[in-house]
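If you want the building blocks of each chain, they are given just below.
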Amino acid sequence: MVITLKRREGMTHDEFTHYQRNIHRPLLMSIPEAKQYIRRFVVSYPVPAPNYPEPDYDSVVEAWFDTMDDLNALYFCENFLKTVDPDHENFIDLNTFGRIISEEEVVVG
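In what follows, the accompanying structure is described. Given the structure is predicted, the values throughout are model-derived calculations rather than measurements.

### Quick word on the packing of aromatic side chains
Argument step 1. Applying the stated rule across the entire model yields four aromatic pairs.
Argument step 2. Grouped by ring-pair contacts, the aromatic residues Phe16, Tyr19 and Phe91 constitute a single cluster.
Argument step 3. The residue whose ring lies beneath Arg40 is Trp64, and the NZ or CZ to ring-centre distance is 4.9 Å.

What follows is the structure in structure tokens.
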């Protein structure tokens, strides 16, 4: 799964990054289902890149699962729905939230 995130209005990129790293991510990792089902979890943040346009997002999240059932077991469990999901509105512009469920095709590497 790949998720694109943009910060909520009134929040700087640094505030967004701090919140995602130090508040939201530990909250997600505190639920047992995260440890059970997530196989790999990567968050990418934009860096200054001369000659490239400003990024549309403040971070991109990549989460790997062994099966679609495992992905669903995490995202529809009570702990995620009651503890983690409500926290998204504290730092994400939910109107610009993007997500794709995908299968990776390695081209190089």
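### Structural notes on the sheet that holds strand 3 (residues 59–64)
Argument step 1. Spatial strand order, 2-3-1-4: four strands in an open sheet with antiparallel pairing. This sheet does not close on itself; its edge strands, each paired only once, are strand 2 (40–44) and strand 4 (98–100). Taken pair by pair, the neighbouring strands of this sheet meet at an average axis angle of 10°, ignoring direction.
Argument step 2. By the bridge criterion, five bridges tie strand 2 to strand 3 in an arrangement that is antiparallel. If you follow Phe41 over to strand 3, its bridge partner there is Ala63.

### Side note on the side chain of Gln20
Argument step 1. Within the secondary structure, Gln20 is located in helix 1 (residues 13–29).
Argument step 2. In terms of polar contacts, Gln20 uses its side chain to reach the side chain of Ser59, at 3.1 Å.
Argument step 3. Not counting residues up to four positions away in its chain, the partners in contact with Gln20 are Leu5, Arg25, Pro26, Val43, Tyr45, Ser59, Val61 and Phe91.

Rules of the game
- Residues numbered from 1 in each chain as written.
- Predicted model: local features only at pLDDT ≥ 70, side-chain atom pairs only at ≥ 80, totals over all residues.
- Heavy atoms only, no water.
- Phe/Tyr/Trp six-rings, centres within 6.5 Å; stacked < 30°, edge-to-face > 60°.
- Lys NZ or Arg CZ within 6 Å of the ring centre and 35° of its normal.
- Pairing = 2+ DSSP bridges.
- Helix = DSSP H or I, 4+ residues; strand = E, 2+ residues; numbered from the N terminus.
- Axes fitted to C-alpha atoms, helices over the stretch in contact; angles between N-to-C directions.
- Polar contact = N/O pair within 3.5 Å; in protein donor to acceptor, adjacent residues only side chain to side chain.
- Contact = heavy atoms within 4.5 Å.

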